[in-house]
Structure formats: structure tokens, C-alpha cells
Amino acid sequence: MSSRTPEECIELALAADAAEGTRLDAIRELKTANECDELEGLVRNSNLDEQYRRVALESVATSQCESTLRELVDADCLEEPLRGEAESLLASVDDE
């Protein structure tokens, strides 16, 4: 685990010139730290490549971030296919 701040993780996740692995690690660090709001911001960021948005979306599918995932679904702010994935993830979290 690194000692990056949430802000540094967000910057790395958004940095188009950073290596893919570095960007994914930054998103995983946000998940590990239960930074639900920061992950939500990445999911909502339409300028971010879909693969990273998807990883951030999957990262909020935890019991700690369930309310954040519910907000993403209820706000109807995601385009397909992310919206369908969010609904499926919420159903799986609800089943736990």
C-alpha cells in the first residue's frame, strides 16, 4: 500500500500520460481506503476512459459504498452500458 493521498490517487487516475497499471492501482487504493465520494467522482467523469470509470464503478460495489452506488443509480447520471452495470452491481450488493 502506498502513502498517496486521495487527491494524488485521483490525479493519477485522471492522468492520461500515466501507465495503465498506475492508474488502476490509484483507483484500487481509493477502494481500499473506502473513498466512496472520490470513486463516485471518477465514475461520473465522462472525460475519463470507460475502462477506468468501470473499475471505479466496481469499486463502489461494497457494503461501505452502497449508498454511493445507490446514488449513482438513482440519479440516472450514467450512460449505457455503465448504467446497466451499476444497476446489476447494486442488485448484487443488495443480495449480500
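The notes below deal with the structure included here. (Residues numbered from 1 in each chain as written. Predicted model: local features only at pLDDT ≥ 70, side-chain atom pairs only at ≥ 80, totals over all residues. Heavy atoms only, no water.)

### Points about the pattern of salt bridges
Stage number 1. Going through the model one piece at a time under the given rule, you end up with eight salt bridges.
Stage number 2. Notably, a salt bridge pairs Arg4 with Glu29, separated by 2.5 Å at the nearest N-O pair. One end of the pair, Arg4, is in the segment before helix H1 (6-14); the other, Glu29, is in helix H2 (residues 20-32), and 25 residues separate them in sequence.
Stage number 3. In this structure Arg4 comes out as partly exposed when scored by relative accessible area, which is 33%.
Stage number 4. The class of Glu29 is buried, set by a relative accessible area of 10%.
Stage number 5. By sharing partners, the salt bridges in this structure join Glu50, Arg54 and Glu85 into a single network. (Salt bridge = Lys/Arg side-chain N within 4 Å of Asp/Glu carboxyl O. Helix = DSSP H or I, 4+ residues; strand = E, 2+ residues; numbered from the N terminus. Buried < 20%, exposed > 50% of the residue type's maximum accessible area, 1.4 Å probe, protein only.)

### Digging into the state of the cysteines
Stage number 1. Per the stated rule, a full pass over the model turns up one disulfide.
Stage number 2. Through a disulfide, Cys36 is tied to Cys65; the S-S separation comes to 2.0 Å. Taking the torsion about the S-S bond as the criterion, the Cys36 to Cys65 disulfide, at about -80°, is left-handed. Of this pair, Cys36 sits in helix H3 (residues 36-44) while Cys65 is found in the loop between helix H4 (50-59) and helix H5 (66-74), placing the two residues 29 residues apart along the sequence. Take Cys36 and Cys65: they sit in the same class, and that class is buried.
Stage number 3. Considering cysteine sulfurs only, Cys65 is the nearest to Cys9, which forms no disulfide, with 14 Å between them.
Stage number 4. On the basis of relative accessible area, Cys9 is assigned to the buried category, the value being 2%. (Disulfide = S-S within 2.5 Å.)

### Examining the nonpolar core
Note on soluble globular proteins: their nonpolar side chains tend to be buried together.
Stage number 1. Core analysis: the biggest nonpolar cluster contains 27 residues, and Ile27, Leu42, Leu57, Val60 and Leu69 have the highest contact counts within it.
Stage number 2. Counting only elements with at least two residues in this core, the list comes to H1, H2, H3, H4, H5 and helix H6 (82-95).
Stage number 3. Top contributing element to this core by residue count: H6, with five residues.
Stage number 4. What Val60 contacts, discounting residues up to four positions off in sequence, is Cys36, Leu39, Glu40, Cys65, Glu66, Thr68, Leu69 and Leu72. (Core = buried A, V, L, I, M, F, W, Y, C linked by side-chain atoms within 4.5 Å. Contact = heavy atoms within 4.5 Å.)

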